[in-house]
Amino acid sequence: MTAEVAVLGAGMHPWGKWGRSFVEYGVVAARAALADAGLQWRDIGSVIGAGTVRGGYPGYIAGATFARALGWQGSRVASVYAACASGAQAVDAARAQILSGQADAVLVVGADAAPKGFFRPAGGDRPDDPDWLRFRVLGATNPVYFGLYARRRMAVYGDTTDDFAQVKVKNAAMGALNPRARYRSPVTAEEVAASAVVADPLRLLDICATSDGGAAVVLASMEFARRHGHPEPVRIRAVSTVTPRFPNTVLDLPDIATDSAVAVDPPGGTFRMSIAGAAYEEAGIGPEDLSLAEVYDLSTALEVQWYEDLGLCGAGEGVRLLRDGATALGGRVPVNVSGGLASFGEAVPAQAIAQVCELTWQLRGEAGGRQVAGARVGISANQGLFGHGSAVIAVR
């Protein structure tokens, strides 16, 4: 088990479509996290920025961009890009600096000003880029991928569109209680069914939007935390950034073909299962120990898949868990009590950090009307394109 690091502060800029620079969103989130930690900017020894490829050159060097905006003060700096896993890798880099003694307190920041519509690769011809290829060769936008995953669940397990709609209903109800969410109105199953088909069988309200937003956390050594008035902070016990194993027999875009398992037996589980598995192993816990989970509901069907990938139930049992209310507030393991991406939308570099913020507030008992009673252990989980795993386990 890896030594723990403390989460001293968490802060966010509300999600929405604000029409401003991602830097502004990140600075607001950073200052909120510093205030939450009771620290000054000069107390920070390092800044790790989760980068965005859509912000141009400043997006690629997010760490220095945020450090400059906050005011040069000599801190270490680094930038991380791993698509949707950028925030988790930034947290992991911060943890490594703290445990190695390079810094006592690290600010982790991610923010984005997302384009309208679905995400697409950067411009230019890049025939060696699998993300570019799946758009050019297959026309496979992200919603197409979400739809294929939903169709697979329907064919293999008998899930229905009505089941998927219940995920949106659940998450919208939680988002209505979250002042930082973009969408704060309850949604009915009938409204989901009446929305336009985007990628059969998924409708508009089954798929998350693209958003502007920012999130930040202040991480520190346990000794630093105690010295600065945090004797019992929320602690990060594990971070998983694993990659797939050969052969990969379940399609995960941007890959456009699976590996052959003729000569080599496939691994015991899928890539997504290995993400949570590595986190559990490092933390020395199992899914039965969880109080709550924050997962990437890029689509309603993908959230159901995460129930199984996290080990909350067996293969094909995700819908039953949903129907039984086990993943709703008050259930056995509430999932996406923040409202999830259904209520926030995607602000890619900020997302995994925002998940850690929600875990922090929940474990402190500061989540208001969406509070999970007695929360002690939480996991965040998602994956990034190109084989980036992302999971964080936090405890109190």
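Our subject is the structure that appears above.
Residues numbered from 1 in each chain as written. Predicted model: local features only at pLDDT ≥ 70, side-chain atom pairs only at ≥ 80, totals over all residues. Heavy atoms only, no water.

Engineer: Quick one: what's the story with the overall build of the chain, residue by residue and with numbers?
Structural biologist: When helices and strands are tallied, the chain shows 14 helices and 11 strands. The C-alpha radius of gyration of the chain comes to 20 Å, within 12% of the 21 Å expected for a compact globule of 396 residues. Its C-alpha atoms give the chain principal-axis dimensions of about 55 × 50 × 45 Å. A total of 396 residues make up the chain; the buried ones form 57% of that total. As displayed, the chain has an accessible area near 15,500 Å², and 52% of this comes from carbon and sulfur atoms. (Helix = DSSP H or I, 4+ residues; strand = E, 2+ residues; numbered from the N terminus. Rg over C-alpha atoms; globule rule 2.2 N^0.38 Å. Buried < 20%, exposed > 50% of the residue type's maximum accessible area, 1.4 Å probe, protein only. Areas by Shrake-Rupley, 256 points an atom, 1.4 Å probe, with all protein chains shown as cover.)

Engineer: Quick rundown of the nonpolar core? Include the residues and the values.
Structural biologist: The biggest cluster of nonpolar side chains holds 91 residues, and the ones touching the most others in it are Val 108, Leu 219, Ile 236, Leu 310 and Ile 393. It is helix α14 (residues 348–364) that contributes the most residues to this core, 10 residues altogether. Leu 219 has contacts with Ala 6, Val 7, Val 91, Ala 94, Ile 98, Asp 104, Ala 105, Val 106, Val 108 and Ile 236, leaving out every residue within four places of it along the chain. (Core = buried A, V, L, I, M, F, W, Y, C linked by side-chain atoms within 4.5 Å. Contact = heavy atoms within 4.5 Å.)

Engineer: An account of helix α10 (residues 271–283) is needed here, citing residue identities and associated values.
Structural biologist: Side chains of residues three or four places apart in an α-helix project in the same direction, reflecting 3.6 residues per turn. With 13 residues, α10 should cover 18 Å at 1.5 Å per step; its first-to-last C-alpha distance of 19 Å lies within 8% of that length. What α10 keeps buried is the set Phe 271, Arg 272, Ile 275, Ala 276, Ala 279, Tyr 280, Glu 282 and Ala 283. Tucked into the core, α10 has its buried residues touching α4 (86–100), α6 (142–157), β8 (234–240), α11 (300–309), β10 (377–384) and β11 (388–395). Following α10 by one or two positions, Gly 284 has its phi on the positive side, about 75 degrees. (Expected span 1.5 Å × (residues − 1).)

Engineer: Now, about the packing of aromatic side chains: what can you tell me, with residues and values included?
Structural biologist: For the structure shown, the criterion picks out 4 aromatic pairs. Ring geometry for Trp 15 against Phe 344: centres 5.3 Å apart, planes inclined by 85 degrees, an arrangement best described as edge-to-face. One end of the pair, Trp 15, is in strand β1 (residues 5–16); the other, Phe 344, is in helix α13 (residues 340–344), with 329 residues separating them in the sequence. In terms of burial, Trp 15 and Phe 344 fall into one category: buried. Centre to centre, the rings of Tyr 145 and Tyr 149 are 5.7 Å apart; their planes meet at 70 degrees, and the pair counts as edge-to-face. (Phe/Tyr/Trp six-rings, centres within 6.5 Å; stacked < 30°, edge-to-face > 60°.)

Engineer: Mind laying out the pattern of salt bridges, listing which residues take part and the relevant values?
Structural biologist: Scanning the entire structure with this criterion turns up 19 salt bridges. We note a salt bridge from Glu 303 to Lys 170, for which the minimum N-O separation is 2.9 Å. One end of the pair, Glu 303, is in helix α11; the other, Lys 170, is in helix α7 (residues 161–175), and 133 residues separate them in sequence. Note on Glu 303: relative accessible area 0%, which makes it buried. (Salt bridge = Lys/Arg side-chain N within 4 Å of Asp/Glu carboxyl O.)

Engineer: Give me the lowdown on a nonpolar patch on the surface, citing residues and values where you can.
Structural biologist: On the surface, Val 137, Leu 138 and Ile 256 cluster together to form a nonpolar patch covering roughly 270 Å² of accessible area. Examined against the element boundaries, Ile 256 turns out to sit in the loop between β8 and α10. (Patch = residues over 30% accessible without salt bridge, like charges linked within 9 Å, V, L, I, M, F, W, Y side chains within 5 Å.)

Engineer: I'd love a proper account of the packing of α4 against α14, names of residues and values included.
Structural biologist: Two quantities define a packed helix pair, namely the angle between the axes and the distance from one axis to the other. Between α4 and α14, the least distance of the axes is 6 Å, while the angle of their chain directions is 60 degrees. When the axes of α4 and α14 are compared, the pair comes out oblique. Here Ser 86, Gly 87 and Ala 88 of α4 come into contact with α14, specifically with Pro 349, Ala 352 and Ile 353. A breakdown of the residues in the contact of α4 with α14 according to their chemical character gives 4 nonpolar, 2 polar and no charged. (Axes fitted to C-alpha atoms, helices over the stretch in contact; angles between N-to-C directions. Parallel < 35°, antiparallel > 145°, perpendicular 65-115°, else oblique. Nonpolar A, V, L, I, M, F, W, Y, C, P; charged D, E, K, R; others polar.)

Engineer: Account for the packing of α7 against α11, with residues named and values stated.
Structural biologist: Relative to each other, α7 and α11 sit at 90 degrees, their axes nearing to 8 Å. Here α7 lies roughly perpendicular to α11, going by the angle between them. Side by side, α7 and α11 meet where Phe 164, Val 167, Lys 168, Lys 170 and Asn 171 of the first sit next to Thr 300, Ala 301, Glu 303, Val 304 and Tyr 307 of the second. Counted by class, the contact of α7 with α11 contains 5 nonpolar, 2 polar and 3 charged residues.

Engineer: Describe the pairing of β1, listing the residues and the values that go with them.
Structural biologist: The two faces of a sheet get side chains in turn, since along a regular strand they alternate between them. The buried fraction of β1 is high, at 11 of 12 residues. Both β1 and β8 contribute to a ladder of 3 bridges, which runs antiparallel. From the neighbouring strand, Val 5 faces β8, where its bridge partner is Ile 236. (Pairing = 2+ DSSP bridges.)

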